[in-house]
Structure formats: structure tokens, C-alpha cells
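Single-letter residue listing:
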Amino acid sequence: MKSAVENLNPTRVRLTVEVPFEELKDSLDAAYKKINQQVTVKGFRKGKIPARVIDQRFGRGAVLEEAVNDALPKFYTEAVNEAELNVLGQPEVDITELKDNELLAFTAEVDVRPAIEIPDYSGIEVEVDAVEVTDEDVEKSVEQLRERFASTSPVERAAEDGDVVTIDLEAKVDGEVLEDGVANGVSYTIGSGELLDGIDDAVKGLSADEEVTFASELKGGSAAGREAEVTVKVTQVASRELPEPDDEFAQLASEFDTLDELKADSRKRLANMKQFDQATQAQERVLEKLLELVEVPVPEKLLEDEINTRKHNLEHHQLGQMGLTLDKYLEIQGKTAEEFETETREAAVKGIKTQFVLDELVKQEKLNVNQDELTEHLMRRAASSGMSPDQFAQAVVEQGQVPLLVGEVARGKALAVVVEAATVKDTNGEIVDLDDEDETGEAGQAGEAAAEQSAEVTEGDKQDDEA
């Protein structure tokens with residue numbers, strides 16, 4: 001076999017491959033064997049039909065076609081490996097010559113990872129939010145805890161802001177009660193904004209056993225996005241009483257004996273949360289600066305595939321679960337279809353560039369992923385998916401996504417290397433030290449940041465499907 005490579009552009013090549021006919025022998029034998037098992041010829045046992053009879057009865061062309069289809073993936077893969085190409089996706093194959101007993105020639109156009117040169121990134125500087133926990137932040141945290149431990153008691157008066165009402169709901173669209181539009185005994189806190197637009201104004205002023213009808217746009221269910229006539233009946237009004245913020249409350253709501261100890265713990269937890277947010281912000285901003293430094297050509301077909309994948313996931317998974325159409329989503333977001341297309345394309349370009357650059361850094365820095373790092377990342381991903389670690393791990397293995405997770409951790413480590421080399425200052429002008437986390441935790445966190453930004457680029461150099 002002879003092969004040659006022509007660079008069509010920085011992200012696409014054309015392979016020209018010539019295969020002497022004798023190298024097709026194994027595929028020809030396999031083709032005759034396959035046809036033997038599929039056809040019947042009078043006078044011959046099944047599977048024992050001579051090749052010359054198959055040629056006479058079914059045509060040599062049918063055998064050649066079967067043999068070529070069998071051989072193409074092998075010769076394509078050999079040509080890719082010989083040229084040491086890092087191909088992406090499936091090739092477009094064109095058979096240019098097929099001479100019986102002489103030659104098979106074909107071309108294969110395929111996207112390849114572009115050659116990327118990573119410049120010196122040690123001069124990157126970014127600014128992040130300062131970690132500041134105010135007294136107001138602490139008081140708000142304590143107030144939220146008081147809300148969780150609030151008690152309710154029925155009252156004989158009209159409902160007011162902050163009251164908890166028990167209500168029955170019935171929704172009609174075009175005069176018909178929806179199958180999923182009836183709910184009884186719903187507990188609702190007036191002012192929370194958790195149910196329907198307009199319900200707060202509707203129930204305020206109502207006493208037990210009073211009802212009112214109002215118009216509202218449904219947020220979910222079978223008629224999501226449609227205007228409905230909603231009848232709400234109040235069956236009970238209860239006032240909410242928050243516990244006094246004192247030592248007794250601290251003992252009730254926590255493991256601490258005093259309110260001061262509870263506040264000190266709240267301050268510490270808030271500081272930890274803000275430090276985590278600060279580290280994430282640093283990673284995102286350093287990554288943006290890094291991408292600005294690197295010239296990254298993007299394969300057009302890969303980009304289109306990534307755009308379509310993002311649209312599909314949004315429409316059929318995220319919006320589908322919320323009962324929204326894409327048009328309704330854009331209306332809620334206040335975006336035009338053109339703005340959505342532009343944003344999706346920009347996000348896809350950034351995702352592909354991110355993966356290319358971080359993968360190149362993984363090679364350049366010779367980064368490896370150990371079992372502890374992979375396990376830590378798996379635990380983080382499981383938590384964000386709402387699955388148990390065992391369930392998530394099983395799904396990852398069954399779907400063959402272990403290499404995907406390994407890649408995420410490796411890219412996270414690459415990003416961590418760049419962040420470590422960068423200068424990170426907060427809004428107060430102070431240098432931020434991001435080395436407090438252990439290496440595994442930092443790689444896991446950076447892995448999530450990198451996974452969120454990057455695309456899922458499919459490699460094609462290990463395929464053995466039909467070319």
C-alpha cells in the first residue's frame with residue numbers, strides 16, 4: 001500500500017491511497033465466504049459454491065464491492081497511522097480507481113487536530129473578586145436559618161404577606177380544565193414567588209373558604225407558556241413565627257451553644273464559599289486570557305456538529321424537562337433567534353478551542369491522571385448530576401465514558417498549571433494565593449471548569465467502523 005497526504009487547510013487533509021490487488025486477497029476471500037452463506041445455487045451445498053460460479057451467477061462486481069467495503073477501513077487506518085495524523089470524526093471517502101486484479105485507489109478527506117503552539121503564559125494577569133464577608137452577610141445567613149426553623153399557627157383572619165396558606169388550585173385553558181391543572185392541599189408562602197405569576201396578589205386578603213379567579217401564564221405542565229384561568233381557594237391561613245435569634249435558637253438549629261458561636265461558624269462557611277467562587281473565577285479568567293494568546297483554527301464540520309449538539313441538548317433535555325419550547329425560552333430570555341445562533345456559535349468555538357489548547361498543554365507538560373484524581377473528579381461529577389457515586393460510575397463505564405472523564409481531569413490539571421503560573425489579584429489589589437487546596441481537589445475543581453468550557457471533540461483515529 002502507498003499513501004500520500006495533502007494539507008487542504010490547517011484543519012483538513014486529503015489522503016490518497018493506492019492498494020495493490022494482492023493486498024485485497026483476505027477481503028476477497030471474506031466476500032466470497034459471506035456471499036456463500038447468503039445465496040443458494042442448485043447443485044451446490046450452501047456455503048460450498050465455487051468462486052467462479054458466484055462470479056457467473058451474481059457478478060464479479062458484487063464480490064468486489066463487498067471486498068472493498070470490508071478493506072477500506074483497514075487501509076484507511078493504516079494510512080492515518082503511517083502519516084501520524086490526529087484525525088477527528090469520520091472521513092469522506094471517494095474510490096477513484098478499481099481495476100480488477102490490478103489496483104484499488106481511493107481518497108479520504110478528514111478533519112485533523114490543528115498544530116498548536118502554546119506561547120509563554122507566565123505573564124498572564126487577572127483580577128478577581130475579593131473575599132469579604134460582611135456583618136450583613138452573616139445576619140442574612142442567620143435569618144435564612146431562622147426561616148427554616150419557623151413555626152406556623154392557624155389564624156382567623158385574611159391572608160397577609162409572609163403567611164402560609166393552604167390552597168386548592170384549578171387551571172382552565174379555553175374553558176377546559178387541564179388534566180394536570182388541579183391540585184389540592186398545596187402549602188404556599190405568600191411572597192415566595194414559587195407558584196404562579198399573580199397568585200400573591202390573588203390570595204392576599206382572602207380568608208379560609210374564600211376563592212378568587214385570576215389569569216396567569218403557566219410555567220410548566222401540558223400547557224406551559226399558555227394563558228390560563230386559575231381558580232384558587234384558600235382552605236387555611238397560618239401565620240409564620242420565626243424563633244428569636246438567641247442562644248436557645250443556636251442550640252436548636254446547630255451544634256453550637258451560643259449565637260456568637262453560630263455566627264462565627266457562618267462567617268467561616270461563607271468565607272470558604274467565596275474562596276471557592278474566587279478560585280473558579282480565577283480559572284475562568286485565566287483560561288480566557290490563555291485562549292487570547294493562542295491561534296487555534298477550528299474545523300468547520302466539527303464546529304457545526306458541536307453547534308447542533310448544543311442545540312439538541314438544550315431543546316430536548318434542558319428545555320424539555322421544563323416543558324418549554326425553544327421559541328418560548330428565547331421569549332423569556334428576551335433574545336432573537338439570530339442572537340441565540342450567534343451566542344451558540346461563539347460558545348461552541350470557545351469550547352473547541354479550550355479542549356484543543358488544554359489537550360496540547362497536557363502533552364507539553366507531560367501530565368498524567370492517577371486513580372485518586374479520577375475518583376475525586378467522579379465524585380464531584382456524581383454530586384452535580386444528582387446521582388450516587390456508584391450509579392454515576394456504573395453509567396460512565398456502561399457508556400464507555402471513562403476516557404472522557406480522564407480527559408476532563410487532565411485538562412483540569414493543565415488549566416491548574418496555567419493558573420499557578422499566572423498573577424491573580426483581587427479587587428483590593430492583593431495577590432491571591434490559590435495554593436491552599438490540595439492538588440487532587442484543585443485538579444478536580446479545575447477539571448469541572450475545563451469540562452464546562454470545552455467541547456466534546458470526537459477522535460477518529462481508533463475507529464474500525466466502515467470508512
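As the structure is a computational prediction, the values presented were derived from the model and not from experiment. (Residues numbered from 1 in each chain as written. Predicted model: local features only at pLDDT ≥ 70, side-chain atom pairs only at ≥ 80, totals over all residues. Heavy atoms only, no water.)

**Focus: the UniProt feature "domain: PPIase FKBP-type" (unreviewed entry) in the protein chain**
No. 1: Here, UniProt's "domain: PPIase FKBP-type" (unreviewed entry) annotation points to residues 162-211.
No. 2: For the annotated span residues 162-211, helix accounts for 10% and strand for 52% of the residues, and the straight-line distance between the end C-alpha atoms is 19 Å. (UniProt positions renumbered as here; feature names shortened; annotations may be inferred. Helix = DSSP H or I, 4+ residues; strand = E, 2+ residues; numbered from the N terminus.)

**Considering the packing of helix α4 (residues 135-148) against helix α7 (residues 259-293)**
No. 1: One way to put it is that α4 packs onto α7 with a least axis distance of 9 Å and a crossing angle of 110 degrees. The pairing of α4 with α7 is recorded here as roughly perpendicular in orientation. Where α4 abuts α7, its residues Asp135, Asp137, Val138, Glu139, Ser141, Val142 and Leu145 lie against Leu262, Lys263, Ser266, Arg267, Arg269, Leu270 and Lys274.
No. 2: Its residues assigned to classes, the contact of α4 with α7 comprises five nonpolar, two polar and seven charged. (Axes fitted to C-alpha atoms, helices over the stretch in contact; angles between N-to-C directions. Parallel < 35°, antiparallel > 145°, perpendicular 65-115°, else oblique. Contact = heavy atoms within 4.5 Å. Nonpolar A, V, L, I, M, F, W, Y, C, P; charged D, E, K, R; others polar.)

**Here's the deal with the packing of helix α2 (residues 51-58) against helix α3 (residues 60-83)**
No. 1: Two numbers describe how α2 lies on α3: the axes approach to 6 Å, and their chain directions differ by 110 degrees. Compared by their axis directions, α2 and α3 come out roughly perpendicular. Between α2, through Ile54, Asp55 and Phe58, and α3, the contact on the second element is made entirely by Arg60, Ala62 and Val63.
No. 2: Residues that form the contact of α2 with α3 fall into these classes: four nonpolar, no polar and two charged.

**Observations concerning unusual backbone geometry**
No. 1: In this model, Glu84 sits at a positive phi of 55 degrees, which is unusual for a non-glycine residue.
No. 2: Within the secondary structure, Glu84 sits in the loop between α3 and β3 (87-99).
No. 3: Notably, Asn101 is not glycine yet its phi reads approximately 65 degrees, a positive angle.
No. 4: Along the chain, Asn101 falls in the loop between β3 and β4 (103-112).

**Re a negative patch on the surface**
No. 1: Where like charges cluster on the molecular surface, the negative patch consists of Glu244, Asp246, Asp247, Glu248, Asp257, Asp260 and Glu261.
No. 2: Only α6 (247-253) and α7 provide two or more residues apiece to the negative patch.
No. 3: Counting through the fold element by element, Asp246 comes out in the loop between β10 (227-241) and α6. (Patch = residues over 30% accessible without salt bridge, like charges linked within 9 Å, V, L, I, M, F, W, Y side chains within 5 Å. Areas by Shrake-Rupley, 256 points an atom, 1.4 Å probe, with all protein chains shown as cover. Salt bridge = Lys/Arg side-chain N within 4 Å of Asp/Glu carboxyl O. Lys, Arg positive; Asp, Glu negative; His and termini not counted. Charge placed at Lys NZ, Arg CZ, Asp CG, Glu CD.)

**Describing the sheet that holds β4**
No. 1: Strands sit in the order β1-β2-β4-β3 across an open sheet of four strands; the sheet is antiparallel. At either margin of the open sheet sits one strand with a lone partner, and together these are β1 (2-9) and β3. On average, each strand axis in the sheet is tilted by 20 degrees relative to the strand beside it, whichever way the strands run.
No. 2: Sitting on the sheet, α3 is in contact with β1, β2 (12-20), β3 and β4, with an inclination near 125 degrees to β3. (Pairing = 2+ DSSP bridges.)

**Quick notes on the pairing of β3**
No. 1: Across nine bridges, β3 lies against β4 in antiparallel orientation. Each bridged residue has a counterpart across the sheet, and for Leu88 the counterpart in β4 is Asp111.
No. 2: Between β3 and β4, which follow one another and run antiparallel, lie three residues, and Asn101 among them has a positive phi close to 65 degrees.

**A short note on the pattern of salt bridges**
No. 1: Following the criterion strictly, the structure yields 36 salt bridges and no others.
No. 2: The closest approach of N and O atoms between Glu66 and Lys34, which form a salt bridge, is 3.1 Å. Remark: Lys34 occurs in helix α1 (residues 25-38) and Glu66 occurs in helix α3; sequence separation between them is 32 residues.
No. 3: Each of Glu6, Arg12, Arg14, Glu92, Glu109 and Asp111 takes part in a single network of salt bridges with overlapping partners.

**Re the packing of aromatic side chains**
No. 1: Under the counting rule described, the total for this entry stands at one aromatic pair.
No. 2: Arranged with centres 6.4 Å apart and planes meeting at 85 degrees, the rings of Phe149 and Phe249 form a pair that is edge-to-face. Linking Phe149 in the loop between α4 and β6 (151-154) with Phe249 in helix α6, this pair joins segments that are 100 residues apart in sequence.
No. 3: For Phe149, a relative accessible area of 29% gives the class partly exposed. (Phe/Tyr/Trp six-rings, centres within 6.5 Å; stacked < 30°, edge-to-face > 60°. Buried < 20%, exposed > 50% of the residue type's maximum accessible area, 1.4 Å probe, protein only.)

**Here's the deal with helix α8 (residues 300-322)**
For an α-helix the count is 3.6 residues per turn, leaving residues at separations of three or four pointing the same way.
No. 1: With 23 residues, α8 should cover 33 Å at 1.5 Å per step; its first-to-last C-alpha distance of 32 Å lies within 8% of that length.
No. 2: Most pronounced at Leu314, the bend in α8 amounts to some 35 degrees.
No. 3: Taken together, the buried positions of α8 are occupied by Leu302, Leu303, Glu306, Ile307, Lys311, Leu314 and Leu319.
No. 4: Structurally, α8 contributes buried residues whose contacts are with β3, β4, α9 (326-333) and α10 (337-364).
No. 5: Positioned one or two residues after α8, Gly323 has a phi angle of 70 degrees, which is positive. (Expected span 1.5 Å × (residues − 1). Bend = angle between axes of the 7 residues up to and from the residue.)

**Brief notes about the environment of Val186**
No. 1: Relative to the elements of secondary structure, Val186 occurs in strand β8 (residues 176-189).
No. 2: Each C-alpha atom of the pair Val186 and Val142 lies 27 Å from the other, and the pair is 44 residues apart in sequence.

**Section: the nonpolar core**
No. 1: Counting 35 residues, the largest nonpolar core has Ile124, Leu290 and Leu361 as its most contacted members.
No. 2: Ranked by residue count, the leading element in this core is α10, at seven residues.
No. 3: Here Leu361 is in contact with Ile118, Tyr121, Leu290, Lys366, Leu367, Ala414 and Val418, once residues within four sequence places are set aside.
No. 4: Listed in part, the 32 residues of the second largest apolar core include Phe21, Leu72, Tyr76 and Ala79. (Core = buried A, V, L, I, M, F, W, Y, C linked by side-chain atoms within 4.5 Å.)

**Examining a nonpolar patch on the surface**
No. 1: A contiguous nonpolar surface patch, about 210 Å² in accessible area, is contributed by Val397, Val402 and Val406.
No. 2: Considering the arrangement of structural elements, one finds Val397 in helix α12 (residues 389-398).
No. 3: Accessibility expressed as a relative area gives 58% for Val397, which makes it exposed.

**Some points on the pairing of β8**
No. 1: Where strand β7 (residues 164-173) lies against β8, eight bridges are found, and the strand directions are antiparallel. The residue bridging Glu170 from the neighbouring strand is Val182, located in β8.

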